[in-house]
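# Structure at a glance
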Amino acid sequence: MPPWKTLPEHLDPQARRLVDRMRRLKDATGLSFTALATRTSYSRSSWERYLNGRKLPPAEAVTELAVLSGADPDRMLALHTLAAQTWTAQPPAKDAAPAAGPEPGTDSADPAAPANSTNSAAERDEARGAAEEPAPRPAGAASRTAGVPEADTGGVAALGSDAPDPAAEQADPAAGPDSGRPVVIGAPATAAKPARSRSARRTLLAAGAALVVVAGVLAVVLTLILPGRGTAGTSEEEHRRVAVEEFAFEPGRTYACDIHRFEGRLYAGRSETTEALLQQITTSWDVVEAQCLLEHRGYRIGGVDGAYGAATERAVKRLQDKEGLVVDGIMGPHTWEALRR
């Protein structure tokens, strides 16, 4: 393999760590840039920019390279997240190079696209207008409604009666010209609902209210009959609601914290550990627990995402300095003890 070019001086240490790691993965595959472009979704020129530190690689490219080389995608995504927080664009050169054309594999702008989109919009408007035109009335309908006065219901003739039925309007106030209901020739526009439906509705409401009252009485009786058995059990059950699924780091995702105190210690509902060793690049539910407790104690880290990055390390160092511990930025048993007090 030819030697790699020197990375730009403006790159942050986190960005350098990501690019160096991606270079080692590329060397491990033994593929050239052309072969790498064939095996992935990105072009040769894109990979050259990513691996020479000229452009931040997208998370999808990092994942594809990790899978291709057999590395852990979650660990690489954690490195990508830390690098993205400090990545800075390359400063402009003194002699600006001419603008490069579109990369291979990208679609160039189509000058006919605006005209096509305009024609498509015009065709859609014409089709919509044709669909909204009222259907022609049958010839017989005009003869049936001739000489019959229209009721004040939006222009629909009240066929079969000389005036609208007030009882029908009270029974169904939602009926009208926009109700979408078909008008039957020779029948009233709406029919009055039977009075027994109202009485049935009142009966159902009364029965529901009675059930609510009975449920409340039963809850009070059970509380009085079984004193002391609900409070402790409930707190124990709520405390044990920790994360049970396997942690998978997802860039941009944050987690909520359930801060509570149990048996004199603080918990956040994500882990019960008191001795897990956490340091830079660690991703786990233990990191989520530590970040929640740090935020609760006022040590801001920017977001609870489960990745032990530079912000989390700085917050741990501030906690260790305040508690008189060894300031090394690593979560250990003594730091956990101080954090859960």
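Note that the structure is a prediction, hence the values are computed from the model and not measured.

Taken as a whole, this structure holds one disulfide when the rule is applied. Bridging Cys 257 to Cys 292, the disulfide has an S-S length of 2.0 Å. Disulfide Cys 257-Cys 292: torsion about the S-S bond near -75 degrees, hence left-handed. Taken as a pair, Cys 257 in the loop between helix 10 (231-239) and strand 1 (260-262) and Cys 292 in helix 11 (residues 285-296) lie far apart in primary sequence, 35 residues in all. You can call Cys 292 buried: its relative accessible area is 2%.

With that settled, consider the environment of Thr 254. Structurally, Thr 254 can be placed in the loop between helix 10 and strand 1. For Thr 254, a relative accessible area of 52% puts it in the exposed group.

Attention now moves to the packing of aromatic side chains. The way to describe two aromatic rings as a pair is by their centre distance and the angle between their planes. The full count for this structure, using the stated rule, is seven aromatic pairs. Between Trp 47 and Tyr 50, the aromatic rings sit 5.8 Å apart at their centres with planes inclined by 80 degrees, giving edge-to-face as the arrangement. Of this pair, Trp 47 and Tyr 50 both sit in helix 3 (residues 44-51), separated by three residues, roughly a single helical turn. Exposure class is identical for Trp 47 and Tyr 50. Each is buried. In textbook terms, an aromatic cluster arises when at least three aromatic residues are bridged by ring pairs, as seen for Tyr 42, Trp 47 and Tyr 50. Taking NZ or CZ as reference, Lys 26 lies 4.5 Å from the ring centre of Phe 33, over its face.

In this section: helix 11. Under the 1.5 Å per step criterion, the end-to-end length of helix 11 is 17 Å for 12 residues, consistent within 8% with the ideal 16 Å. Counting buried positions along helix 11 gives 10 out of 12 residues, so the element sits mostly inside the fold. Backbone geometry just after helix 11 places Gly 298 at a positive phi near 100 degrees.

Interhelical geometry of helix 1 (residues 13-29) versus helix 5 (residues 73-86) gives an angle of 145 degrees and a closest axis separation of 7 Å. With respect to the hand of their crossing, helix 1 and helix 5 are arranged in left-handed fashion. Across the interface between the two elements, Gln 14, Ala 15, Arg 17, Leu 18, Arg 21, Met 22 and Leu 25 of helix 1 pack against Met 76, Leu 79, His 80, Leu 82, Ala 83 and Thr 86 of helix 5.

Side chains that are nonpolar tend, in soluble globular proteins, to be buried together. Counting 27 residues, the largest nonpolar core has Leu 278, Val 288, Leu 294, Met 331, Trp 336 and Leu 339 as its most contacted members. Secondary-structure elements contributing two or more residues to this core are helix 11, helix 12 (310-323) and helix 13 (333-339). Among the elements that make up this core, the one with the highest residue count is helix 11 (seven residues). Judged by nonpolar contacts, the second largest core, of 25 residues, contains Val 19, Tyr 42, Trp 47 and Ala 66.

The subject of this paragraph is unusual backbone geometry. A positive phi angle, near 55 degrees, is found at Glu 263, a position not held by glycine. Locating Glu 263 in the fold gives a position in the loop between strand 1 and strand 2 (265-267). Glu 263 sits in the exposed class, given a relative accessible area of 70%. Of note in the backbone geometry, Ile 281 takes a positive phi value of approximately 75 degrees without being a glycine. Inspection of the secondary structure assignment puts Ile 281 in the loop between strand 2 and helix 11.

Conventions and cut-offs
Residues numbered from 1 in each chain as written. Predicted model: local features only at pLDDT ≥ 70, side-chain atom pairs only at ≥ 80, totals over all residues. Heavy atoms only, no water. Disulfide = S-S within 2.5 Å. Helix = DSSP H or I, 4+ residues; strand = E, 2+ residues; numbered from the N terminus. Buried < 20%, exposed > 50% of the residue type's maximum accessible area, 1.4 Å probe, protein only. Phe/Tyr/Trp six-rings, centres within 6.5 Å; stacked < 30°, edge-to-face > 60°. Lys NZ or Arg CZ within 6 Å of the ring centre and 35° of its normal. Expected span 1.5 Å × (residues − 1). Axes fitted to C-alpha atoms, helices over the stretch in contact; angles between N-to-C directions. Left-handed = near helix turned anticlockwise from the far one by under 90°. Contact = heavy atoms within 4.5 Å. Core = buried A, V, L, I, M, F, W, Y, C linked by side-chain atoms within 4.5 Å.

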